[in-house]
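The primary structure of each chain is shown beneath.
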2 protein chains.
Amino acid sequence: MASIEGRATAEASPNIAFIKYWGKRDEKLILPQNSSLSMTLSSTTLKTTTSVVASNKINEDTFYINGKKLEMSDPEVRERLKAIGIMRELSGTTARVLAVSSNNFPSSSGLASSASGTAALVYALNAAFGLDLKPKELSMIARQGSGSACRSMMGGIVSWRKGSRNDGSDSYAVQEFSEKYWGEVIDLIAITSHEKKKIPSRAGMKQTVETNPFFTQRKTSAEKRLREVREAYRQKDLDALASLIMADSNEMHALMLSTVPSIRYLDSSSLKIMDAIEELNASEGGNIAGYTFDAGPNAHIITLKKYERKISSMLADIKGLEALEFKSSAQGSGPKLLTGVSLINEERLAPA
Amino acid sequence: MASIEGRATAEASPNIAFIKYWGKRDEKLILPQNSSLSMTLSSTTLKTTTSVVASNKINEDTFYINGKKLEMSDPEVRERLKAIGIMRELSGTTARVLAVSSNNFPSSSGLASSASGTAALVYALNAAFGLDLKPKELSMIARQGSGSACRSMMGGIVSWRKGSRNDGSDSYAVQEFSEKYWGEVIDLIAITSHEKKKIPSRAGMKQTVETNPFFTQRKTSAEKRLREVREAYRQKDLDALASLIMADSNEMHALMLSTVPSIRYLDSSSLKIMDAIEELNASEGGNIAGYTFDAGPNAHIITLKKYERKISSMLADIKGLEALEFKSSAQGSGPKLLTGVSLINEERLAPA
């Protein structure tokens, strides 16, 4: 087989789902029960940067995240890093990979570090292995590491078509709207907790699929609402968009609550923010913002740039709310390669 | 028509649902979408006492609750007091009714004052009009004033069979187990809020039936779980019973959360209590208690008398929980007539 020595550094951002992904139809290939849709965030606010060396001189695949070496014997780690093996095979080489990754935000706090991490890795591997794969193909590879990561392979508003084939070849991400189509739309994030999730999403989804009586109906409901979100976005109808976003977040958290045993990610702060946004919308006589929560308590408030100050000060006034931090994110343009930058300390490349 | 002069005083208690009622198939007759099951509470802890005079000397139906005269021109009041007209007709008289009612607990705080109030009224009217109706018939009359009130017409564990006829003649309450069958089962109530509900149950249910994609599935799920609850109770299996009770509470609140716009009755305190009970059960290696919430934030913890002290002290230790009051209720024996007692001030009987 060919020998190779490739290097690349890429950055990618998390995405926030307007139509949620919760439940797989195939655990191994990570094929979802329903299509989903999200907004890719801006790397200015949130990003993972990953440097990769693919070389026949490296003895074994090694991955450092925020300075910590991952344990490759852990089956969950191997699942998440599946892209390395897939892309090595596609490259026709036996090169091993050293990857060093760093987030500019805390992981496991519901801010989707696994999405940005997987997307950055896949993007960097594509360059390091010299594969030149298209975004659609890259999204299918990212999907197999962490489902929602496939939506971080593109910028703006991205949908993940669930597909129907058993081999997953029609389950990939599609850019619905460029980040320039309605660039005023932002995500105002209220970080209220840095605690690690009590129940990992992967295990939680499995419980839902196995025990939840509402699950079948969720599939139909999500597809229908996705079409409505696409249309509201196309028309730049903030009132309708916010309403749909809140409804879908509530539907996913209802699905979690009605799983047996119950899965709960929303906390006291989440409830206070939900109440406050609904009151604000009522006082405005129409929705100017919509809350949404992924598998964690931190609130994402989807609104327009011009309402940012009004909403921030409203949030700051909520009695008893302990928001640790606010972050405002515009829409991102998707992953990109960084030149002349590397997180890799050359000493790490020396054989042990 | 015959003239009449009847007097009676009755007391009745609220019930706490193990299988929840949420959604009507007939708004006017109050016919539910699914059967439900509850435990009637003890009058020692919670009760409504209602005195009734039915007399041809009274000019118009009048109802005082906790000292306040109800406005009969309000359509909602007329709906709630439908029993007066129904029972007058059954009596074959034209007598009007003066009723005076008093709760020993705050109304509209999710403690089901409408259930105990309606049950006490119906029970007193039955005696005052000399009707001698059976509990099953009384439950059908109570149902038309406030659905879940029909379950307060009997003691112990009571189910409300949803029925299938359009005229409601097969939608009534049945005693499943006497209060003596498993008398150790109690309801430990943590009152964390006295606020009036933001959304009345009646309006909330209607929203759910009209907008909720999960609603159809809820009907099947509730009937199945009701059978499981009955079996767990028959076997005095606390572990299974507690698990089913929590699952059904979560399923109803999930149904509310996924209604558009979302209906939320659980608050920060409710979430803290849910977490604490689940942790307690985990540390015991099996469920010794199950939480359940009606349309309000106050927690009902179903457990056995012998665990009361352990659970009370655990609840008292929850950080940041502001429980206003704890009440412990055994199972009640259903409504009863009180002799030699009346809430009616004779002056109120003098013509205006």
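The written sequence of each chain sets the order in which its residues are numbered from 1. Chains carry letters and ligands carry numbers; both start at the beginning, A for chains and 1 for ligands, and go up in the order they are written. Only residues with pLDDT of at least 70 get local features here, since the model is predicted, and only at 80 or more are side-chain atom pairs given and counted; chain-wide, interface and lining totals rely on the full set of residues. In computing side-chain values, all of the structure's heavy atoms are included and hydrogens and water are not.

### Regarding the nonpolar core
Among buried residues, the Ala, Val, Leu, Ile, Met, Phe, Trp, Tyr and Cys ones that are joined through side-chain atoms within 4.5 Å form a nonpolar core. Working definition: with a 1.4 Å probe on protein chains only, accessible area under 20% of the residue-type maximum means buried, over 50% means exposed, and in between means partly exposed. The biggest cluster of nonpolar side chains holds 132 residues, and the ones touching the most others in it are Phe 18 and Ile 311 of chain A together with Phe 18 and Ile 311 of chain B. When residues no more than four places from it in sequence are discounted, the contact partners of Ile 311 of chain A are Leu 188, Ile 277, Leu 280, Ala 289, Ile 301 and Thr 303 of chain A. Contacts: residue pairs with any heavy atoms within 4.5 Å of one another.

### Notes on the side chain of Asn 103 of chain A
Residue and element names in this part refer to chain A. Numbering of helices and strands runs from the N terminus, with a helix taken as a DSSP run of H or I at least four residues long and a strand as a DSSP run of E at least two residues long. Tracing the backbone through its elements, the reader meets Asn 103 in strand E9 (residues 96-103). By relative accessible area, Asn 103 is classed as buried at 11%. Here a polar contact is taken to be a pair of N or O atoms separated by no more than 3.5 Å, where protein atoms must pair a possible hydrogen donor with a possible acceptor and residues adjacent in sequence count only if both atoms sit in side chains. Here Thr 48 takes part through its side chain, which lies 2.6 Å from a polar atom of the side chain of Asn 103. The contacts of Asn 103, once residues within four sequence positions are left out, are Lys 47, Thr 48, Ile 65, Asn 66 and Ser 113.

### Re the pattern of salt bridges
All names here are of chain A. Should a side-chain nitrogen of Lys or Arg be within 4 Å of a carboxyl oxygen of Asp or Glu, the pair is scored as a salt bridge. The final tally for this structure, using the stated rule, is 47 salt bridges over all chains. The salt bridge involving Arg 80 is made with Glu 76; its shortest N-O contact spans 3.9 Å. Placement of the pair is Arg 80 and Glu 76 together in helix H1 (residues 75-80), with a separation of 4 residues, close to one helical turn. In this structure Arg 80 comes out as partly exposed when scored by relative accessible area, which is 26%. Three or more residues are tied together by salt bridges with common partners; here these are Arg 218, Arg 225, Asp 248 and Glu 251.

### Some remarks on the interface of chain B and chain A
With 26 residues of chain B in contact, the opposing surface of chain A contributes 26 residues. Between chain B and chain A, a total of about 2,100 Å² is buried, with carbon and sulfur atoms accounting for 64% of that surface. The largest per-residue losses of area from chain B upon contact with chain A belong to Phe 214, Leu 257 and Arg 264 of chain B, which jointly make up 31% of the total buried on that side. For the interface between chain B and chain A, the tally reads 4 salt bridges. One salt bridge in this structure joins Glu 278 of chain A and Arg 264 of chain B, with 2.7 Å as the shortest N-O distance. Taken together, the links from chain B to chain A amount to 7 residue pairs in polar contact (both at pLDDT 80 or more). If you list the elements that add at least two residues to the side of chain B that touches chain A, you get helix H6 (215-234), helix H7 (238-257) and helix H8 (268-284) of chain B. Ranked by residues supplied to the side of chain B that touches chain A, first place goes to H7 of chain B with 7 residues. Throughout this entry, Asp, Glu, Lys and Arg are counted as charged residues, while Ala, Val, Leu, Ile, Met, Phe, Trp, Tyr, Cys and Pro are counted as nonpolar. The remaining residues, Gly among them, count as polar. Residue classes in the side of chain B that touches chain A are distributed as 11 nonpolar, 7 polar and 8 charged. Two parts lose some accessible area (1.4 Å probe) when they are put together, and adding that loss for both gives the buried area.

### Here we look at the pairing of strand E12 (residues 185-191) of chain B
In regular strands, side chains alternate between the two faces of the sheet. Residue and element names in this part refer to chain B. Counting buried positions over the 7 residues of E12 gives 7, a clear majority of the element. Residue alternation in E12 divides its side chains into two sets, Val 185, Asp 187, Ile 189 and Ile 191 and Ile 186, Leu 188 and Ala 190, and both sets are buried. Paired strands, in this sense, are two strands between which DSSP finds at least two bridges. The pairing of E12 with strand E14 (residues 299-304) spans 6 bridges and is classified as antiparallel. Counted as the bridge partner of Ile 186 is Thr 303 from E14. Where E12 meets strand E15 (residues 325-329), 5 bridges bridge the pair, whose relative direction is antiparallel. Note that in E15 the partner of Asp 187 across the bridge is Ser 329.

### Remarks on empty space enclosed by the protein
Within this scheme a cavity is a closed region of a 1 Å grid, computed over the protein atoms alone, that accommodates a 1.4 Å probe without allowing it to escape, whereas a pocket is open but has protein on both sides within 12 Å along at least five of seven lines; lining residues each have an atom within 4 Å of a point. Grid points are joined across faces, edges and corners, and a volume is the space filled by probe spheres set on the points. For the coordinates displayed, the defined rule picks out 2 cavities of 30 Å³ or more. Estimates place the volume of the largest cavity at around 210 Å³. Along the walls of the largest cavity sit 15 residues, with Leu 257, Leu 266 and Leu 271 of chain A together with Leu 257 and Leu 266 of chain B positioned nearest its centre. When contributions to the lining of the largest cavity are tallied by element, the ones reaching two or more residues are helix H7 (238-257) of chain A together with H7 of chain B. Among the elements that make up the lining of the largest cavity, the one with the highest residue count is H7 of chain B (3 residues). Here the residues of the lining of the largest cavity are counted per class, giving 11 nonpolar, 2 polar and 2 charged.

### A closer look at the sheet that holds strand E12 (residues 185-191) of chain A
Residues and elements named next belong to chain A. Taken together, 4 strands build an open sheet; the order of strands is E13-E14-E12-E15 and the sheet is antiparallel. The open sheet terminates on both sides in strands that have one partner only, identified here as strand E13 (289-292) and strand E15 (325-329). Going across the sheet, the axis of each strand differs from the next one's by a mean of 20°, ignoring polarity. To obtain an axis, a line is fitted to C-alpha atoms, over the contacting stretch when the element is a helix, and the angle between two such axes runs from 0 to 180 degrees between their N-to-C directions. Here helix H8 (residues 268-284) sits on the sheet and contacts E12, E13 and strand E14 (299-304); the angle it forms with E13, its principal contact strand, is near 165°.

### Comments concerning the environment of Pro 135 of chain A
Within the secondary structure, Pro 135 of chain A sits in helix H4 (residues 135-143). On a C-alpha basis, the gap between Pro 135 of chain A and Val 209 of chain A in space is 30 Å, while along the polypeptide they are 74 residues apart.

### Regarding the domain arrangement of chain A
Residue and element names in this part refer to chain A. What the domain assignment reports for chain A is domain 1 (5-182 + 339-346) and domain 2 (185-329). A C-alpha centroid distance of 24 Å is found between domain 1 and domain 2. Facing the 38 residues of domain 1 at the interface are 53 residues of domain 2. Summed over both sides, the interface of domain 1 with domain 2 buries roughly 4,100 Å², with 66% coming from carbon and sulfur. Counting every contact that joins domain 1 to domain 2 gives 3 salt bridges. The salt bridge partner of Arg 230 is Glu 176, with a shortest N-O separation of 2.8 Å. Our enumeration of links across domain 1 and domain 2 arrives at 16 residue pairs in polar contact (both at pLDDT 80 or more). In terms of residue count, strand E2 (residues 15-19) provides more of the side of domain 1 that touches domain 2 than any other element does, 5 residues in total. Grouping the amino acids of the side of domain 1 that touches domain 2 by side-chain chemistry returns 17 nonpolar, 13 polar and 8 charged. Domains are outlined according to an automatic or database domain assignment.

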